[in-house]
Amino acid sequence: MFKQRSFEIKQIADKPILNLYLYGEIQADYTDWWSGEIVKSTTSADYVRKAVEEAGNVAEINVYINSIGGSVAEGNAIYNILKRQSVPVTVYVDAFAYSVASVIAMAGDKVIMPSNTTMMIHNARMGAYGTAEMLRKVADDLDTINEA
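Rules of the game
Counting restarts for each chain, with residues numbered from 1 along the sequence as it is written. Note on the predicted model: pLDDT of at least 70 is required for a residue's local features to be given, and 80 or more for side-chain atom pairs to be given and counted; whole-chain, interface and lining totals, by contrast, use all residues. Excluding hydrogens and water, the side-chain values take into account all heavy atoms of the structure. The residues that make up patches have over 30% relative accessible area and no salt bridge, and they are joined within 9 Å when like-charged or within 5 Å when they are Val, Leu, Ile, Met, Phe, Trp or Tyr. Computed with a 1.4 Å probe, the accessible areas rest on the Shrake-Rupley method; for each residue, only the protein chains presented here act as cover. Should a side-chain nitrogen of Lys or Arg be within 4 Å of a carboxyl oxygen of Asp or Glu, the pair is scored as a salt bridge. Helix and strand definitions here come from DSSP, where helices need a minimum of 4 consecutive H or I residues and strands a minimum of 2 consecutive E residues; each element is numbered from the N-terminal end. For the exposure calls, accessible area comes from a 1.4 Å probe over protein chains only, and a residue counts as buried if that area is under 20% of its type's maximum, exposed if over 50%, partly exposed in between. Working rule for contacts: check all heavy atoms of both residues, and any pair within 4.5 Å makes them a contact. Only centres within 6.5 Å qualify two rings of Phe, Tyr or Trp (six-membered ring in Trp) as a pair; their planes then separate them into stacked at under 30 degrees, edge-to-face at over 60, and tilted for everything else. Paired strands, in this sense, are two strands between which DSSP finds at least two bridges. We call a crossover right-handed when, viewed with both strands directed away from the observer, the connection leading from the first strand over the helix to the second proceeds clockwise.

Re a nonpolar patch on the surface
- On the surface, a nonpolar cluster with roughly 230 Å² of combined accessible area is contributed by M106, V111 and M113.
- When you line up the elements, V111 lands in strand β6 (residues 110–112).
- What makes V111 partly exposed here is its relative accessible area of 33%.

Looking at the side chain of S67
- If you trace the backbone, S67 turns up in strand β4 (residues 60–67).
- For S67, a relative accessible area of 2% corresponds to the buried category.
- The residues touching S67, leaving out its near neighbours within four places in the chain, are L22, G24, E25, I26, F96, A97, Y98 and A101.

Side note on unusual backbone geometry
- Its identity as a non-glycine residue notwithstanding, S99 has a phi of 55°, on the positive side.
- Topologically, S99 is positioned in the loop between β5 (89–98) and α3 (100–105).

A short note on the pattern of salt bridges
- Across all of its chains, the model carries five salt bridges by this definition.
- Ionic pairing is found between K50 and D46, a salt bridge with its closest N-O pair at 3.2 Å. Separated by four residues within a single helix, K50 and D46 lie in helix α1 (residues 45–55), roughly one turn from each other.
- Among the ionic pairs, K137 bridges to D141, the shortest N-O distance being 3.0 Å.

Regarding the packing of aromatic side chains
- All chains considered together, the criterion is met by four aromatic pairs.
- Note on Y21 and Y64: the rings are 4.6 Å apart at their centroids and 10° apart in plane angle, and the pair reads as stacked. Of the two residues, Y21 sits in strand β1 (residues 17–23) while Y64 sits in strand β4, which places them 43 residues apart along the sequence.
- Relative accessible area serves as the criterion here: at 16%, Y64 is assigned to the buried category.
- Ring centres 4.9 Å apart and planes at 10° place the aromatic pair Y64 and Y92 in the stacked group. Taken together, the positions of Y64 in strand β4 and Y92 in strand β5 put the pair 28 residues apart, joining distant regions of the chain.
- Residue classification places Y92 among the partly exposed residues on the basis of a relative accessible area of 25%.
- Pairwise contacts between aromatic rings join Y21, Y23, Y64 and Y92 into one cluster.

Structural notes on the pairing of β4
- Of all eight residues making up β4, six are buried, and the element is well covered by its neighbours.
- Relative to β4, β1 runs parallel, the two sharing seven bridges. Bridge pairing in β4 links I17 to E60.
- For the handedness criterion, the β-α-β arrangement of β4, helix α2 (residues 72–83) and β5 is classed as right-handed.

What follows is the structure, given as structure tokens:
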């Protein structure tokens, strides 16, 4: 004989949360030299844009970062995509947020970094060769990137 229960279990449906994992080098899609195939990056601005669009109406976005950095263009675009969102964005640094990954981290309304994680912020760098005029332009470009 079973006792009748005096409680009811209900699932309360909240709006979904979008979790983005930016693990590895921040980079755009690229062509594999050996196969000639296009490799879709899971750390590109296009990947983040599509993930946000496909998620639709979410209550919040969580971004998990473990990256040594990478493409400034991709990282800046990811930062801007996240800043445009009308929902809270929380960034969790899971290990490293170096270089342009530190820029992405700054898109968070809240940034959570356990004591065993690190962030590295530095001036823009690049290699260059060419004429004196070309090298002066590269230096000017680096100044523009640093000011941004």
